[in-house]
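# Per-entry structural report
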Amino acid sequence: MSDSRHATRLDLAGLHAAEEYLPFHRATLGEAEEQAVIDVLRSGWITRGQVTAEFEQVFAERVGAAYAVGLNSCTAALHLSLLAAGAGPGTEVITTPYTFAATANSIVHTGARPVFADIDPATLNIDPEQVANRVTDDTVGMIPVHFGGAPCDMKRLGAIADEHRLTIIEDAAHALGAEYMGERIGSISPFTAFSFYATKNITTGEGGMLTTDDAALAERVRRLSLHGMSADAWKRYSREGHSYYEVIEPGFKYNMFDIQAALGQAQLRREEEMRRRRGEIAAIYDSHFADMPRLSLLTADPADIHAHHLYVVLLDLPSLSVTRDQVAEAMETLNIGVSVHFRSLHLHPYYRERFGIAPQDFPYALRASESALSLPVYPSMTDEDTAMAASILTGILERFSI
Ligand SMILES: *Cc1c(COP(=O)(O)O)cnc(C)c1O
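The notes below deal with the structure included here. (Residues numbered from 1 in each chain as written. Predicted model: local features only at pLDDT ≥ 70, side-chain atom pairs only at ≥ 80, totals over all residues. Heavy atoms only, no water.)

Moving on to the site of the ligand. Taken together, 15 residues are adjacent to the ligand, and Thr75, Asp171, His174, Ser195 and Lys200 come closest. Between the ligand and Ser195, the relevant distance is 2.7 Å, taken from an oxygen atom to a side-chain nitrogen or oxygen of the residue. Lys200 places a polar side-chain atom, nitrogen or oxygen, 3.1 Å from an oxygen atom of the ligand. Protein coverage of the free-state accessible area of the ligand, which is 390 Å², stands at 93%. Contributions of two or more residues to the shell around the ligand are made by helix 3 (74-84) and helix 4 (101-110). Across the shell around the ligand, the residue classes tally to six nonpolar, seven polar and two charged. (Near = heavy atom within 4 Å. Polar contact = N/O pair within 3.5 Å; in protein donor to acceptor, adjacent residues only side chain to side chain. Areas by Shrake-Rupley, 256 points an atom, 1.4 Å probe, with all protein chains shown as cover. Helix = DSSP H or I, 4+ residues; strand = E, 2+ residues; numbered from the N terminus. Nonpolar A, V, L, I, M, F, W, Y, C, P; charged D, E, K, R; others polar.)

Rendered as structure tokens:
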């Protein structure tokens, strides 16, 4: 909210405020997580080992993939998938500008050119027709992002990928637990990247996972995550593994380790319950906002399972005398934590200047960047917290309506 810090003070007198500050996010961590970490600390093996291998196995089963590779972030999962998909200098990868920096940065790090395609204004997910328009002879892949936890149109994107022989890498940082037309996210494309960052659907503090059905790709990503060496560290130091290894290619230091994996296993056991609760909170917001004229809600296909990572409203700015940043600041003043997902990457200095992009080149991503507001949605919120956050927002919008 730094943009709005120096804006004129809004008159909020008489508006209802929450008695206690409701944070935008609070991770759900309890005794199970504490015990899991203590067990690893006391085991004498804290780096990548058996606990990570177990987490990979249960995670792969959970999302319906043959293989899962534990990594230290979703960013690492995106970077290594891109390398395995052949992205590099002289190639292009298509993605949405309406995402977190990691999605496009990871493309830049391979030497490939990130090519943006605008979003569908109703879902804020990448628009397949825009993707189709941007394919060239140099395109090797695409990274769709399941914004907020609502699956992208994978059928149409899959058809474009098949037609042009492109590799799809799904950025599922928001989408653990989501399903597209009955198929679990993580089981659909050659690669899917998940995040366990502190605010995500499950957390290991920092962490990520790559899923794939291809044994050779899984092996390549695993090798790249540990310096390009031929064997896992834990195999190297175990009795069977000797201490012999070979460097096959210059890899990275991207592996998950057992303290993370222990947290991840404990969190994964609660994933379904936490998602159900976020869904209930989203339904309370939905019913509150159903007839509100000064905002609109995102649409999602009811046939899909939504992971409800974010709850985003789009403010109808022409009917308001304030900006989204001023509304966000008013929410904070009235004790409701809010956030903004996202300020489109094409508006950021690096992407704007390096690739010569103008704001209007992606009009829907621009409009969402100015009007989207994320409200709190996490399992430890009560129904009352939710209703209060909703009514404080509607109070602000009524006060500043034109
Ligand atoms: C959080 C996030 C990432 C990065 O996840 P890390 O695990 O922090 O690397 C990537 N893409 C999107 C859309 C995200 O929200």
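A word on helix 9 (residues 258-289). For an α-helix the count is 3.6 residues per turn, leaving residues at separations of three or four pointing the same way. Between its terminal C-alpha atoms helix 9 stretches 43 Å, which fits the 46 Å expected from 32 residues at 1.5 Å a residue. The largest bend in helix 9 amounts to roughly 50 degrees and is located at Glu271. (Expected span 1.5 Å × (residues − 1). Bend = angle between axes of the 7 residues up to and from the residue.)

Across the sheet, which stays open at both edges, the seven strands sit in the order 1-9-8-5-4-2-3 with mixed pairing between neighbours. Where the open sheet ends on each side, the last strands, each with one partner, are strand 1 (67-71) and strand 3 (113-116). With strand direction ignored, the average angle separating the axes of adjacent strands in the sheet is 25 degrees. Pairing geometry for strand 2 (residues 92-95) and strand 3, over four bridges, is parallel. In the strand pairing of strand 3, Val93 is matched with Pro114. Sheet strands in contact with helix 7 (residues 215-225) are strand 1, strand 8 (191-195) and strand 9 (208-212), and its direction is about 10 degrees off that of strand 1. (Pairing = 2+ DSSP bridges. Axes fitted to C-alpha atoms, helices over the stretch in contact; angles between N-to-C directions. Contact = heavy atoms within 4.5 Å.)

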